[in-house]
Amino acid sequence: MSAPTEPLAVAVVFEPSSVLSSARAQCPYCGVGCGLELKPAAAALDATAYSADSWTVRGDRLHPSSLGQVCVKGATVAETLDRNRLSTPLWREQRDQPFEAISWERAFTILVERIQVIQAERGSGAIAMYGSGQFLTEDYYVANKLIKGALGTNNFDANSRLCMSSAVSGYKLSLGSDGPPCCYDDLDLAGTVLLIGTNTADCHPVLFQRLLKRKRHQKEALQIIVVDPRATATSAAADLHLAIRPGTDLVLLHGVGHLLLQLGAVDPERVAACADGFAELAALWAGWTPERVCALCGIEEEALRRLAALWAASSGVLSLWSMGVNQSVEGTATVAGIINLHLVTGQIGKPGAGPFSLTGQPNAMGGREAGGLAALLPGYRSIHEASHRAAIEQHWGFPPGAISARDGLSVWEQIEAMERGELGLWWVAATNPLVSLPSLDRVRQAVAQCPLVVLSEAYAGTETEAMAHLVLPAAQWSEKEGVMTNSERRVTLSHAFRQAPGEARPDWAIFAELGRRLGFSKQFAYGSAAEVYAEFASITAGRLCDHSGLSHALLAEHGPQQWPFPAGTAAGGGQPRLHTEGVYPTANGKARLLAQQPLGLAEPPDDGFPLVLTVGRYLGHWHTMTRTAHVERVCRSHPEPLLEIHPADASCCNLDEGALARVSSRRGELTVKVQITDRIRPGTVFLPMHWGAAQEQACEANRLMHALGCPISKQPELKAAAVRVERAEIAG
Ligand code: SF4
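Residues numbered from 1 in each chain as written. Predicted model: local features only at pLDDT ≥ 70, side-chain atom pairs only at ≥ 80, totals over all residues. Heavy atoms only, no water.

### What to know about the domain arrangement of the protein chain
Structurally, the protein chain comprises domain 1 (90-154 + 362-562), domain 2 (165-357) and domain 3 (611-727). Distance from the C-alpha centre of domain 1 to the C-alpha centre of domain 2: 35 Å. Across the boundary between the two partners, domain 1 contributes 11 residues, which contact 14 residues of domain 2. Of all residues in domain 1, Arg-368, Ser-487 and Glu-488 give up the largest surface area on contact with domain 2, accounting jointly for 47% of the area buried on that side. The interface formed by domain 1 and domain 2 includes 1 salt bridge. A salt bridge links Arg-368 to Asp-178; the shortest N-O distance between them is 2.7 Å. Taken together, the links from domain 1 to domain 2 amount to 4 residue pairs in polar contact (both at pLDDT 80 or more). Split by residue class, the side of domain 1 that touches domain 2 holds 5 nonpolar, 3 polar and 3 charged. (Domains from an automatic or database assignment. Contact = heavy atoms within 4.5 Å. Buried area = accessible area lost by both parts, 1.4 Å probe. Salt bridge = Lys/Arg side-chain N within 4 Å of Asp/Glu carboxyl O. Polar contact = N/O pair within 3.5 Å; in protein donor to acceptor, adjacent residues only side chain to side chain. Nonpolar A, V, L, I, M, F, W, Y, C, P; charged D, E, K, R; others polar.)

### What about the state of the cysteines?
Working definition: the covalent bond between the sulfur atoms of two cysteines is a disulfide. Scanning the model with the defined rule gives 0 disulfides in all. Cys-203 provides the cysteine sulfur closest to Cys-163, a residue in no disulfide bond, and the two sulfurs are 10 Å apart. For Cys-163, a relative accessible area of 7% puts it in the buried group. Sulfur of Cys-710: no disulfide; nearest cysteine sulfur belongs to Cys-163 and is 15 Å away. Classification of Cys-710 as buried rests on a relative accessible area of 3%. (Disulfide = S-S within 2.5 Å. Buried < 20%, exposed > 50% of the residue type's maximum accessible area, 1.4 Å probe, protein only.)

### Details of the pattern of salt bridges
Evaluation of the coordinates by the stated rule reveals 42 salt bridges. Measuring nitrogen to oxygen at the nearest pair gives 3.1 Å for the salt bridge that ties Lys-480 to Asp-507. Highlighted residues: Lys-480 in the loop between β18 (470-473) and β19 (482-485) and Asp-507 in helix α19 (residues 507-517), separated in sequence by 27 residues. Measuring nitrogen to oxygen at the nearest pair gives 3.3 Å for the salt bridge that ties Arg-666 to Glu-603. Of the two residues, Arg-666 sits in the loop between β25 (660-665) and β26 (668-676) while Glu-603 sits in the loop between β22 (591-592) and β23 (611-616), which places them 63 residues apart along the sequence. Overall, the relative accessible area of 42% leaves Arg-666 in the partly exposed class. By relative accessible area, Glu-603 is classed as buried at 10%. Each of Arg-24, Glu-37, Lys-39, Arg-58 and Asp-60 takes part in a single network of salt bridges with overlapping partners. (Helix = DSSP H or I, 4+ residues; strand = E, 2+ residues; numbered from the N terminus.)

### Details of the packing of helix α7 (residues 249-262) against helix α11 (residues 301-313)
It is at 9 Å that the axes of α7 and α11 come closest, and there the two elements cross at 60°. The orientation of α7 with respect to α11, classified from their angle, is oblique. Classified by chirality, the crossing of α11 by α7 is right-handed. For the pair α7 and α11, the contacting residues are Leu-252, Gly-255, Val-256, Leu-259, Leu-260 and Gln-262 in the first and Leu-304, Arg-305, Leu-307, Ala-308, Trp-311 and Ala-312 in the second. (Axes fitted to C-alpha atoms, helices over the stretch in contact; angles between N-to-C directions. Parallel < 35°, antiparallel > 145°, perpendicular 65-115°, else oblique. Left-handed = near helix turned anticlockwise from the far one by under 90°.)

### Concerning the environment of Asp-407
By the element assignment, Asp-407 lies in the loop between α15 (386-396) and α16 (411-419). Under the relative-accessibility criterion, Asp-407 is labelled partly exposed at 47%. For Asp-407 and Asn-154, which are 253 residues apart along the polypeptide, the C-alpha to C-alpha distance reads 6.4 Å.

### A look at the pairing of strand β16 (residues 425-429)
Of all the 5 residues making up β16, 5 are buried; the element is thus mostly covered by neighbouring parts of the structure. Neither face of β16 is open: one carries Leu-425, Trp-427 and Ala-429, the other Trp-426 and Val-428, and all of them are buried. Both strand β6 (residues 127-131) and β16 contribute to a ladder of 4 bridges, which runs parallel. Residue pairing for β16: Met-129 is matched across the bridge by Trp-427. Summarising the sheet, β16 and strand β17 (residues 453-457) pair through 4 bridges and their orientation is parallel. (Pairing = 2+ DSSP bridges.)

### Considerations on the site of the ligand
Taken together, Cys-27, Tyr-29, Cys-30, Gly-33, Cys-34, Val-70, Cys-71, Lys-73, Gly-74, Pro-205 and Val-206 are the residues near the ligand. Listed by contribution, the elements that provide at least two residues to the shell around the ligand are α1 (72-75) and α6 (205-217). Across the shell around the ligand, the residue classes break down as 8 nonpolar, 2 polar and 1 charged. (Near = heavy atom within 4 Å.)

### Re the sheet that holds strand β10 (residues 240-242)
Pairing within the open sheet is parallel, and its 5 strands lie in the order β10-β9-β8-β12-β13. Either end of the sheet is taken by a strand with one partner, and the two such strands are β10 and β13 (354-357). When strand polarity is set aside, the average angle formed by the axes of neighbouring strands in this sheet is 15°. In terms of strand pairing, strand β8 (residues 192-196) meets strand β9 (residues 223-227) through 5 bridges, oriented parallel. Opposite Thr-192, over in β9, you have Gln-223 as the bridge partner. Sitting on the sheet, helix α13 (residues 331-344) touches β8, β12 (317-321) and β13, and the angle it makes with β12 is about 175°.

### With respect to the packing of aromatic side chains
Evaluation of the coordinates by the stated rule reveals 18 aromatic pairs. Ring geometry for Tyr-141 against Trp-396: centres 6.2 Å apart, planes inclined by 75°, an arrangement best described as edge-to-face. In this pair, Tyr-141 sits in helix α3 (residues 137-150) while Trp-396 sits in helix α15, placing the two residues 255 residues apart along the sequence. Overall, Tyr-141 belongs to the buried group, its relative accessible area being 0%. Among the residues examined, Trp-396 registers a relative accessible area of 2% and is labelled buried. An aromatic cluster of at least three residues, connected via ring pairs, comprises Tyr-141, Trp-396, Phe-398, Phe-520, Tyr-533 and Phe-536. One Lys or Arg, Arg-92, reaches over the ring of Phe-99 and ends 4.0 Å from the middle of that ring. (Phe/Tyr/Trp six-rings, centres within 6.5 Å; stacked < 30°, edge-to-face > 60°. Lys NZ or Arg CZ within 6 Å of the ring centre and 35° of its normal.)

### Some words on the packing of α15 against helix α20 (residues 529-539)
At a minimum axis distance of 11 Å, the contact between α15 and α20 shows a crossing angle of 150°. Taken together, the axes of α15 and α20 are roughly antiparallel relative to one another. Remark: the crossing between α15 and α20 carries right-handed chirality. When α15 is examined against α20, the residues Ala-391, Ile-392, His-395 and Trp-396 are found in contact with a partner set consisting of Glu-535, Ser-538 and Ile-539. Grouping the amino acids of the contact of α15 with α20 by side-chain chemistry returns 4 nonpolar, 2 polar and 1 charged.

In structure tokens, the structure reads:
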């Protein structure tokens, strides 16, 4: 779709209305979504001044999700706000040229002209955007409206694809809709908590501390089970740790199902009342005997039996998972495998129980609600449903058929499209895929073929900026107002409390301005983030993720609220749990039990690459370190990346503690310092994923990973690749 260019309608920039005495916001790091309270330091009472160091941060005691708790990342966030910031649009025709500062006027002119040429010559399918769970819901909503509505292509994906799209697919397949059914209070009520594929202590620290506190006070009432190939701060607190081989999570879950049947913990009649598919699942479980399961998982039978016995005996079982489950070629099936166990034992829809995915990013949940993946539309709708497209077209004010019924490109499909020379414009916003995507050499080569790479970003000097032609300075959290939803479906309004640097603008305002300049002045005539949110909230009415009773004004007055929150709901009246009546949003109201045989790793170890590399995070660092590399306290705690290797493997590889190792996969190699530890199981090695090529101690772990992903969720298997480890010879 192409439309005549119209003159600029409204320029939306942050205008500080008054000097603030304090501000409340959701932490912009992980999906726990803690509340922060920010106060200007006494020496800097002019809160509108552009100086981040003049702010102090503490946990917001009034925030129901975190009750005043905060981890090192949240506590130090103010130190990241004004370091290394982009403040003006930058442009270069060729990548070997230096950037020149340009005006927003010129930046929009370039964008409009290029988009119109691409549309005329190749169609809108040659344009793709890759956004971020760092977006506010307003950013997500307007980006989707621009790409899927105004441009008519579904090529909008977000880095949530790397994080939890398997959870989305699993919830949809099993329960009929996305939407974690649990809440954080369930941590205080569960009898057994299963943490599978999640190092919660490091990745969701405030939630983990809540669990630990309870364990200290109610030692016998709470049993903690951890499933992870690596011993972590999470497993240190566990009553039972199953260090399974990477890629055997689904095998383990089926083994638990087998034993639950043996233990008489499943009532087929009760299951039949709320879920379809039990006979097929029971037949599949019958083949997963403890002997077979334990041989594949590499664990003792006693541990498996103890897990099943704890599950069977517990009045409330809560399962928590994150990327260890989701980042797999069988991510969706594994999520469904967790949900199966909850459905057949009635451990869902009641206090202290349920399958609870923990989201990685602060607003990945809001992205799902706003339609922020290639197959989604706002309000948990799908591009595959004609009625959903029609509802959104009408709401957005576009003619029937404006939204394409064709699948959009997921992020890896966007990379493949660039390899084939099919993309004319790739727009990356608020994320750093040149560190976070798998198979990075291939990514670099693909992106190098794209004639126009646009980057909207708050921070200068990222690895992705090195591949960009046009860089747009984005206002970030603290400089723009808007909402985020955390893992327990709680929506928090974050206030703008400081001026953005230079000419930086909110992402939603950049997208809206472009929409107006492409001729859609009516559809993008927003004067504020509150207006954007009001439009989004109204289209969610009647959907599971109903925000229609929420507004910026209500959230400002009454604080964070959980959805569903239909119009007319009183403050505090959102629903803490979903599916409490045992009725699911499917055609017959029943959930579905998915019987899927395990596949294992896409790239199992072999003679040439005998070890499995798994990647993860350190407590203090966030993703690709665009922010945390500038926080001294964090860098002191995590000064360098280390390869964790078991003593037996280190001995085979002729490695001593502190030696340099060369780690090679079929896609490349890197050199890194060795840490010998029995925290990792033999046959598996671990690297952190934070250090990209722009860091002084570059260690591009994802360069080694393959790009195969779950065929349903399209989430890459970033958690496992076959590697070889050798002693690195030091030149000279
Ligand atoms: Fe922020 Fe997550 Fe830490 Fe809470 S746990 S302060 S949301 S990084």
